[in-house]
Every structure is written in structure tokens, then in C-alpha cells.
Amino acid sequence: MQNGTEPRKHTIAVLVENRFGVLSRVAGLFSARGYNIESLSVGETLDPTVSRMTLVVRGAEFVIEQVIKQLHKLIDVIKVTDLTEENHVERELVLMKVNAEPANRAEVLRTVDIFRAKVVDVTPTTFTLEATGDEQKIDAIVELLRPFGIQELVRTGKVAIARGSKARVRRSEEKLGKAKAADGALSQDPRIVGFAD
Amino acid sequence: MKLSGARIFLECLKREGVDVVFGLPGGAVLPIYDALYDFAGLKHILVRQEAAAGHAAEGYSRTTGKVGVALVTSGPAATNLVTALQDAYMDSIPIVAFTGQVPTHLIGNDAFQEADNVGITRPCTKHNFLVKDGSELGTIVKEAFHIASTGRPGPVHVDLPKDVLVKEWEFHYPERVHLRSYNPTYEGHPGQIKKAAKAMLRAKRPVLYVGGGVISSDAYRELLKLAELTQIPVTTTLMGLGAFPSEHPLSLDMLGMHGTYYANMAVYNSDCLIAVGARFDDRVTGKVEFFAPNAEIIHVDIDPSSISKNIQVHIPIVGDARRVLAKLIEAIKEEVRDDVPSIVREARKQWHAQIAEWKARFPLRYDWDDEVIKPQYVMQEISNLTRGEALIVTGVGQHQMWAAQYYRFKYPRHWCTSGGLGTMGYGLPTALGVQAAHPDMLVVNIDGDGSFVMNSQELATCFESRLPVKTVIINNGYHGMVRQWQEIIYKERYCSIDLSASPDFVKLAEAYGCVGIRATKPSEVVPALEKAFVTPGPVVVDMMVDREEDVFPMVPAGGANKDMILDRPGKAVKERAAKSQTGF
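From a predicted model like this one, the values you see are computed outputs, not experimental measurements.

Student: Quick one: what's the story with the sheet that holds strand E2 (residues 20-24) of chain B, residue by residue and with numbers?
Tutor: Hydrogen bonds between backbone atoms are what pair the strands of a sheet, whose relative direction is either parallel or antiparallel. Residues and elements named next belong to chain B. If you trace the six strands from one edge of the open sheet to the other, you get E3-E2-E4-E5-E7-E6, paired in parallel fashion. A single partner strand is all that each edge strand has here, and the edge strands are strand E3 (43-46) and strand E6 (127-130). Taken pair by pair, the neighbouring strands of this sheet meet at an average axis angle of 20 degrees, ignoring direction.

Student: Any details on the environment of B:Leu391? Residues and values, ideally.
Tutor: Residues and elements named next belong to chain B. Note that Leu391 resides in strand E16 (residues 391-394). A residue is classified by how much of its surface remains accessible, and Leu391, at 2% relative accessible area, is buried. Note: C-alpha distance between Leu391 and Pro412 (21 residues apart in sequence) is 9.8 Å.

Student: Would you mind going over the pairing of strand E18 (residues 443-448) of chain B in detail, with residue names and values included?
Tutor: Residue and element names in this part refer to chain B. Burial runs high along E18: six of the six residues are buried. Of the two faces of E18, the one carrying Val443, Asn445 and Asp447 and the one carrying Val444, Ile446 and Gly448 are both buried. Looking at chain direction, E16 and E18 are connected through four bridges and run parallel. Across the sheet, residue Ile392 finds its bridge partner in E18, namely Val444.

Student: Just give me the short version of helix H1 (residues 22-33) of chain A, but keep the residues and values in it.
Tutor: For H1(A), which comprises twelve residues, the first-to-last C-alpha distance of 17 Å matches the rise-based estimate of 16 Å (1.5 Å per residue) to within 8%. Where H1(A) is concerned, the buried positions are A:Val22, A:Arg25, A:Val26, A:Leu29 and A:Phe30. All buried residues of H1(A) lie within an arc of 130 degrees about the axis, which places them on one face of the element. The exposed residues of H1(A) that point more than 90 degrees off its buried face are A:Ser31 and A:Ala32. Contact partners of the buried residues in H1(A): strand E1 (8-17), strand E2 (37-44), strand E3 (50-59) and helix H2 (61-73) of chain A together with E6 of chain B.

Student: Describe the packing of aromatic side chains, naming the residues involved and giving the relevant values.
Tutor: All names here are of chain B. Under the criterion given, the structure shown has 13 aromatic pairs over all chains. Centroid distance Phe409 to Trp415: 5.0 Å. Interplanar angle 75 degrees. Geometry classified as edge-to-face. The same class applies to Phe409 and to Trp415, which are both buried. Here a set of aromatic residues connected by ring pairs shows up, and it is made of Tyr209, Phe280 and Phe291. Above the plane of the ring of Phe39 lies Lys14, whose end atom (NZ or CZ) is 5.4 Å from the centre.

Student: Account for the side chain of B:Thr73, naming residues and giving values.
Tutor: All names here are of chain B. You can see Thr73 is positioned in the loop between strand E4 (68-72) and helix H4 (76-90). A polar contact is formed between the side chain of Thr73 and the backbone nitrogen of Ala28, at a distance of 3.2 Å. Non-local contacts of Thr73, meaning those with residues more than four positions away in its chain, are made with Leu24, Pro25, Gly26, Gly27, Ala28, Val29, Ala78, Thr99, Gly100 and Gln113.

Student: A description of the nonpolar core should follow, citing residues and the corresponding values.
Tutor: Residue and element names in this part refer to chain B. Within the largest apolar cluster, 42 residues are counted, with the highest numbers of intra-cluster contacts made by Phe22, Ile45, Val393, Leu432, Phe452 and Val540. Apart from the residues within four sequence positions on either side, Val540 is in contact with Phe452, Leu459, Thr471, Ile473, Phe505, Ala509, Val515, Gly516 and Ile517. Core analysis: the next-biggest nonpolar cluster, separate from the first, contains 41 residues, Leu42, Val69, Ala144 and Leu165 among them.

About the thresholds
- Residues numbered from 1 in each chain as written.
- Chains lettered and ligands numbered in written order.
- Predicted model: local features only at pLDDT ≥ 70, side-chain atom pairs only at ≥ 80, totals over all residues.
- Heavy atoms only, no water.
- Pairing = 2+ DSSP bridges.
- Helix = DSSP H or I, 4+ residues; strand = E, 2+ residues; numbered from the N terminus.
- Axes fitted to C-alpha atoms, helices over the stretch in contact; angles between N-to-C directions.
- Buried < 20%, exposed > 50% of the residue type's maximum accessible area, 1.4 Å probe, protein only.
- Expected span 1.5 Å × (residues − 1).
- Arc of directions from axis to C-beta.
- Contact = heavy atoms within 4.5 Å.
- Phe/Tyr/Trp six-rings, centres within 6.5 Å; stacked < 30°, edge-to-face > 60°.
- Lys NZ or Arg CZ within 6 Å of the ring centre and 35° of its normal.
- Polar contact = N/O pair within 3.5 Å; in protein donor to acceptor, adjacent residues only side chain to side chain.
- Core = buried A, V, L, I, M, F, W, Y, C linked by side-chain atoms within 4.5 Å.

Below is the structure:
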């Protein structure tokens, strides 16, 4: 397609059957098309037969549209939602082991305090910290602690949920015209009219 | 009722209405073959290489509309089958392939003949299953057939560990299955259909561009009706051949890289392109910027991910081609009430006149020769002798394109060719699957000398299983299509294309118990074909054709369809005119 916009980050929530092999189907879909996943996290939902994946993908509008359609095409995928288009909350958790020599301990703790992070393990020379927040916050705390020496760092990748009282997982289908058609009230100008598989 | 997994498997196939299975036994599936020993009502055809089982299932499926079934063992058998799975995936052919697997407790242990079958087939199937619990076997088989045959059809693979086949399980075969995550859309959106109907009537230079989806959804009657009602000319893709009768006045024949000049010019100049069950493949579009650049594009497809994948579509309609076309006909009748407006009729007349002019100026043509057999002539004679009624299968290469160009198609589901994947060696195994489904019909496998040898061992299957496939080898002693590209695009730097060291195909046929016939002169073509078609049993005709004939017209890869190469570069126009032989 010719009218692709500038690439930008999209946070996509995917509900899938909780079965073996599903993760590799999703990962394979991305690798087969040369799309890059920036982060991916998976966990069970309220319904133990369903898992929810949060994918962060960078791409132009038409690439993301293909990604969503291709995800829908996987037999084990139940719902796909592009959360980027709406008001939502994103969080990431980071664990890091930071050098904490006596001279620096107070300064490190102050930073931890400012970011409402937690010390989860202490040794005479290190703190192990836990911090949660959106991407910018995590990036900021990492940058501030870097001068003290970060020995090890692990990030979970993003999880995201829409704001408001309603579950919004149907949103992307509505955008593409299917949900409305199914409800009987036909949208006037759908871009795509439903999903085959 | 408790049964062994192997027996459950066979009962499931029977209940699914499977009458023939193409397969090859081995260690991991021996329990199934043991159960098959005294199982009534299921015919097994023993192929000679596992890819052939998959292709045969494809041929069976394409010509019957039913799901084809292949059954092979673990490890190397499964990896051999992969080509056929990807072939079926690219061409949306519903087959279910079963492979054996090492016992569940050995999976991952590098056991004998072990491979990660589901890992390997995952990207080349619509869906796949590993059966870990035999009590789920019935449901999984049912789901496999359901997924393969609904929505956009495709191959499904089921991996069967040996211990699951041996152990006894409670037999349960569900009447129907429901998958909450899989609900194909069949009905097109009424608002979109109305919009499409208006656009088609408004258009001055519309073209219908139809693909394999019209055949797989059996929409050819609706297509004919729609084309005649609106007087819109129809061009088909390689996969769509047979969806619209070649002899129909509205037919533009095939479009794309080796399509007709008039089809490509009509698409290029169209102001409204109605794509039905086609996916804007690169071999069809050429350079996308020049594909129907001024047309409003309507796209009917059951797979939403096909829409706006390669080309921006203006009016997308997701749904089953047959149902959407039926609704489209209604919508158009509604729009025009009793009469097509005279403005539309006038515009169509001009458009038809323009197309007629293109057809007259640049029909399909080749140079006749009294001494050397021209491959196009062979295609014309196969078409004449079979009156367009035979089941035609091809390999991949020049002969495939000549068959597509010169065979006059009358019916859908009479044509099997490897479209998307371009699998050489596809011809013979597919043809035997077609013949197994239609024992009394004439099945002609038009093959190339390069393509044929990739699966020539299947002559043994044809002989043993009494499958009287008639193979016509268009023998030019080259990998012809590669030679053509090296000639035209790589400045005649020929490399690794000469096949003159091929076996004597007549003797090869005879070695397999088949009949071999050779033709070396144009005058021998018709007698050889006539003899082949009336001789019982499998026959191979070795057609010694012009070694350096090329397929024209041609759009070089990545070029624009409007810039077709119509003939060999540099050839004198005068010489051409003197010996010109046109197509139809």
C-alpha cells in the first residue's frame, strides 16, 4: 500500500487459547514477515483457558493493519485490540542490581524514593531494586542509576489495559467493522467487513 | 466403546466421508496400517515418495471440492511432505495431512526418525495439531477437516505419536465442532455490496479479475451471470482458469506476467476493477504502481488479510465469493430496475470495441514450423482433441504457461497447477490423485522434461494402482523457463540449464510398465496424442519440441504490465509476419 504513515509504536492486546504452541505461532507470524516485536508478555486471564499477550510493535499504519489481520487469521487467536488508539494504562516492571558502595547508598535510596521503587534485596555492596511504571519512567530511573553502576537488569516488557469501566478488547474489531455488523447495526463505511479466519 | 487410537483414526476418516487416502507406511504409523489391513471402505493408494501423497491429495481436492487426505510416517516422511503442504497453503487447497510421530515419551529425545513435525509445518499450514491424548483424537480430526474446508481453505496437519495410536481410548466423534476463535465471514456487507453495484454500473471501462476463490467457492455460475448481466469482460488468474469459459465473448483469458496483451491492457486502462477471489499476486500485478492505476478497486475475498495487502482497495467486501456475487447480482438488478441505462450500454460498446481492437492487434501467437514441433501447437491439439473437457494437470515452467495460454477451458475444477509456490514435480503425483477421484475421465498431465523427472517415480504408482494418467512431456532438453530468463534478462549467459542428458522417456515409461510414445515432427503430434488418449493404462508421450521456443507475451519481473515483451527481442517483423500462427 502506498499511503503508509510514519512508523510508530503500537501496543496490541491479543487474547489467545491457552495451549502449547500458541506463542510460537504468534512469534512465527512476526518473524516470517520480518516484523520486529519490541516487547511481548504473556499471562493467564480470569478465564484459565485464555491467555493474554501484550505486544509492542513498531510500524507504519498499513503494517500494523496487516499485523492485526494476520493475528486474527491464527486459529488460536480469539481477539485482537490495538490499545494505541485509545486511552489506556501501560506498565512495565524492572528488577536491577545496582552498586551501592557506602558513599552512594543514600543517593541511591533517594532516587528509589523519588520513583516510588522498592529495595527487594540488600548486600553490603549492592541493592536489588524493583520499579514499575510506564516506559519513560523506567527509562528515567535506569538513566539516573546508571552512573552508580548497574550490574544486572531485567525488564518484563509492557502490559497494558484500557481505561474506563468497560472491557475494550472488542475495539479493534469494531474499528474494522465486524462487531457492528454482528450486532445488526451496520456501519456505513467500514474499512473491512469482518474476519474470515 | 474403547478402540485403539489407530482404529479411532480410521473410523473418523470414514465418518468424514473420506474414500481414498494417499500414503506411504513407516515405523511410527504402522499401527494405522495394521488397522487398515482389515478395515473396509477406505482405499489406500501407495505413493513412492511422501511429497506425492500431499500433491495427490491436492489433485483429489481441486477436482472434487472435497478434502484430500495424505498419511505418512514420522521424520523424513514428514519433511518430504512439507513441499506439498506449502503448495496447498499458497493455493488455498483443503487437504488434511497426517504424519506419524515417535511415542510421546520419546518426543524431544532425538529418537529414530524423529523431527519436530508440528514445528516444521506450522508456517506452511493453516493450522496444525499434535495429538497428546487419544481421547481428543476424534475431536481433533473433526476440527482438522472443519478448518481445512471452511473460510479460506488450506492444509491442516495432524501429528500422531505412535503410543497414542496403539493405546485404547474411548471413541468419540463429535457431529460438529465449534471453535470460539474461528468464525469465517461468509455473508458480504450489504452496504458495501450496494456501493460495489453502483460503482460497476457507473464505470465506463470495468474489468472483472477473478482467481481461484471463484473455483473453491463454486461461484462460476454467479460469475457468468454477473458478467453477462453487466457486460463486463473477465480475466482470470492462473488459479482461476476454468472459472469463466475461454470461448465466451467476454473472456480476456489470463492476465499477468504471461497473460494476454488484451487482458493486461484492459486492466491497465480500466476505471473499475472487480477482483473476486484473487489476491493481487506479484505475478499478476507486475509493478504495483502501474496495475490498474486509474481504477476504483472492488475486492471480494473471504480472507480479510488479502485485502489491501498489496494494493489499496476502495471497496472491500469480505465474504464467500458465491454468496457475495449472488447478492451483487440482486443489487445490480435492483439498481437498474428493468433496463440498463443507455449511457452505460453506450459506454460498454466503446469499451468492447477497444478490447476487440487489442485482441485483433496482439492475439496470442507463435511461429509455425514444418519441421520442428512448436509447444503451443501441442497445447492447441490437446485442447482440440479433448474438446476442453479433460482434467488437465501441469508441472511448472514454460509448458505450464503454454498450457494456461492455449488450452480452451470449459469448466471449473478441470485444471490443477501449482500457482503460488510453483512446485516443479507437481504434475504426475497431482494427476494420479485426480485420476483416483475420477477413474473414468481423461486426465492429462502436461509436464516439462525438467519438472517430470522430479517425481517420475510416481509412474510406478500409476501402474500399480491402475491410474491411467496420460503424461505429455514437452521435451526441450532444457530448464526452459530458466533458459528463457537467462536469454532475455541475463544476456544469454546460459548456466546450468541443459537437460540433454535426460533419460529416454519412452524407455523409462516402459520400464515402469507404462506405454511410451515419441513424436519428433509436427505431423506426428496428433497421431501420438490420439494414440495416447485411447491406449488403456498410463501413457507417456515424449514430445520433442523446439528447444529454444520462449513464452510470450512476457512482463519481466518487477516491470509494468502495460510494457509487455510481445516477441523475441530483435526479431525481424517481416519474418514474423510470414509464418505467424495465431492462438484463438
